[in-house]
Every structure is written in C-alpha cells, then in structure tokens.
Amino acid sequence: MEDFTQLSGQQLDALKEIGNIGAGNAATALAQMIHTRIDMTVPRVSILPFAQAADLFGGADAHVVGIFLNVRGPAPSSILFVLEAKKAELLIDMLLMYPPGQTNINNLNELEMSALMELGNILSATYLNAMSMFTQLSFIPSVPALAVDMAGAILNAILAQFGEVADHVLLLETVFTKDKEEVVGHFFLLPEPGSLATILKALGVRY
C-alpha cells in the first residue's frame, strides 16, 4: 500500500498550483453568475487518510452541508465539498446577496439549494479542468447531490453508495472572502483505489 501522506515538495507544489488555478477560475465563474466578486484562495493542499476527514469540521457528529459528485475517467473518483452548517448559511448569504443571518440551513428554499449545487458544479469543473490541464487525464463529473446532515452520516453514505474508496483523499482547503467576511470549506477528491497513484504519475512526479 502506498503511503501518500509523505509527499515531496514537488508533488505538493503541483497540487497547490492546481488548487490555485482552480480557485482563480472558480472566482471568475462565480462573479459572472452572481454579478459580484467573491475572492477565493486555496491556502492548504494535503493528502490525508480518509478516516481523518470528519475531524476537519468538528468530528462525525458535526452538522454540515455536503455537495457530492461522482467523477468518471481514467482516474475514477468522487468529489465532496463540505461546509460547516453555520458557514454554509453565511456562504449562501454571500452568493445570493442576502443580509447576513438570513439563511436557515434547516429550511433551505429551492433558490438556496440551487445556489449551493451550482457552486458545487463550478468548483468541481474548475478544479477538474486544472487537474486535466496538468495531467492530460479526462475527468467527467456527474450532476451534484446535496445533503444536510452529520459529517459521519454523509461520509458513511458515500462509502455505502459507491463502494470502496482509497485510504487517502486529496484535500483542497478553500477560502471564500467577500466584504472582509471569510468562509472556509473543504474540497475533497476521493479517489477509487489506484486513482491517486494514476494522478500523481500523470503529474510527472514519483510517489
């Protein structure tokens, strides 16, 4: 079994550049969608054990919003974008130009759910396009699904629905900033066994 937690500087640099390009393109696409600028950065890129994913947003019992997509291609994977519930409310307020505090994550209307799913589409498309540019691999995302639940339940549902996921996942920590308000989300690429090795090999870096 490969140990993907010990990445070289070259590997991390390549993955960070993918994240930065994706974030820049996503910010541009978001600005076109909502007619206002939301800045995006990727301050941290890492590969971590799948079992530790829930710890990033407060553990398995944390109340979160998850946007999920399946990705087909030579490195089949899944994508999961996770926001803590309160952060998701703030991000929806940003996206829809609501006054802060208007969104209630437990009572989302169709427009609010649509905004989150479109955000999932934009993030996935821009990050995967950047990945494809670097690796020359094709990545074909599905339509996004949205869930509001405990983090552990969402992660378990992914395992139950899509079967085996590799031991390690790629994390791009994504920060949204508008009017000095910051929202941190976690964008995960959940590769099927062997897919992460395929991606790193296509990047031209050894693992």
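See the structure above.
What this report covers is the structure whose coordinates are included nearby. Keep in mind it's a predicted model, so treat the numbers as computed, not measured. (Residues numbered from 1 in each chain as written. Predicted model: local features only at pLDDT ≥ 70, side-chain atom pairs only at ≥ 80, totals over all residues. Heavy atoms only, no water.)

## Remarks on the packing of helix H2 (residues 85-96) against helix H3 (residues 110-135)
The relative placement of two packed helices comes down to the angle between their axes together with the axis-to-axis distance.
Then comes step 1: Running from N to C, H2 and H3 cross one another at 95 degrees; their axes reach a closest spacing of 10 Å. Put simply, H2 runs roughly perpendicular to H3. Where H2 abuts H3, its residues Leu91, Ile92, Leu95 and Leu96 lie against Leu111, Glu112, Ala115, Leu116 and Leu119. (Axes fitted to C-alpha atoms, helices over the stretch in contact; angles between N-to-C directions. Helix = DSSP H or I, 4+ residues; strand = E, 2+ residues; numbered from the N terminus. Parallel < 35°, antiparallel > 145°, perpendicular 65-115°, else oblique. Contact = heavy atoms within 4.5 Å.)

## Let's talk about the environment of Ala27
Then comes step 1: With respect to the helices and strands, Ala27 occurs in helix H1 (residues 9-34).
Then comes step 2: Given the relative accessible area of 1%, Ala27 is considered buried.
Then comes step 3: Ala27 sits 144 residues away from Leu171 along the chain, and the two C-alpha atoms are 19 Å apart.
Then comes step 4: Not counting residues up to four positions away in its chain, the partners in contact with Ala27 are Arg37, Ile38 and Met40. (Buried < 20%, exposed > 50% of the residue type's maximum accessible area, 1.4 Å probe, protein only.)

## Here we look at the environment of Leu12
Then comes step 1: Position of Leu12 among the secondary structure elements: in helix H1.
Then comes step 2: The class for Leu12 is partly exposed, based on a relative accessible area of 33%.
Then comes step 3: When the C-alpha atoms of Leu12 and Ile67 are compared, they prove to be 25 Å apart, with 55 residues separating the residues in sequence.

## Side note on empty space enclosed by the protein
Then comes step 1: Inspection of the entire model under this criterion finds two cavities of 30 Å³ or more.
Then comes step 2: Estimated volume of the largest cavity: approximately 50 Å³.
Then comes step 3: As for the largest cavity, its lining consists of Ile18, Tyr127, Leu128, Met131, Leu170, Leu172, Phe187 and Leu189.
Then comes step 4: At the level of elements, H3, strand S6 (168-178) and strand S7 (181-191) are the ones that each hand at least two residues to the lining of the largest cavity.
Then comes step 5: It is H3 that provides the largest number of residues to the lining of the largest cavity, a total of three residues.
Then comes step 6: A per-class count over the lining of the largest cavity returns eight nonpolar, no polar and no charged.
Then comes step 7: Roughly 30 Å³ of volume is contained in the second largest cavity. (1 Å grid on protein atoms, 1.4 Å probe; cavity = no way out; pocket = protein on both sides within 12 Å on 5 of 7 lines; lining within 4 Å. Points joined across faces, edges and corners; volume = space filled by probe spheres on them. Nonpolar A, V, L, I, M, F, W, Y, C, P; charged D, E, K, R; others polar.)

## Points about H1
Then comes step 1: The first and last C-alpha atoms of H1 sit 37 Å apart over 26 residues, in line with the 38 Å expected at 1.5 Å per residue.
Then comes step 2: Taken together, the buried positions of H1 are occupied by Gln11, Ala14, Leu15, Ile18, Gly19, Gly22, Ala23, Ala26, Ala27, Leu30 and Ile34.
Then comes step 3: Tucked inside the fold, the buried residues of H1 contact strand S1 (39-49), H2, H3, S6 and helix H5 (195-202).
Then comes step 4: After H1 finishes, the residue His35 shows a positive phi value of roughly 60 degrees. (Expected span 1.5 Å × (residues − 1).)

## What to know about the packing of aromatic side chains
Then comes step 1: Tallying each qualifying case throughout the model produces three aromatic pairs.
Then comes step 2: Seen in terms of ring centroids, Phe81 and Phe176 are 6.1 Å apart; in terms of plane orientation they differ by 75 degrees. Their pairing is edge-to-face. One end of the pair, Phe81, is in strand S3 (residues 77-84); the other, Phe176, is in strand S6, and 95 residues separate them in sequence. The pair Phe81 / Phe176 is uniform in exposure class, with both members buried. (Phe/Tyr/Trp six-rings, centres within 6.5 Å; stacked < 30°, edge-to-face > 60°.)

These values are about where atoms sit, not about what they do.
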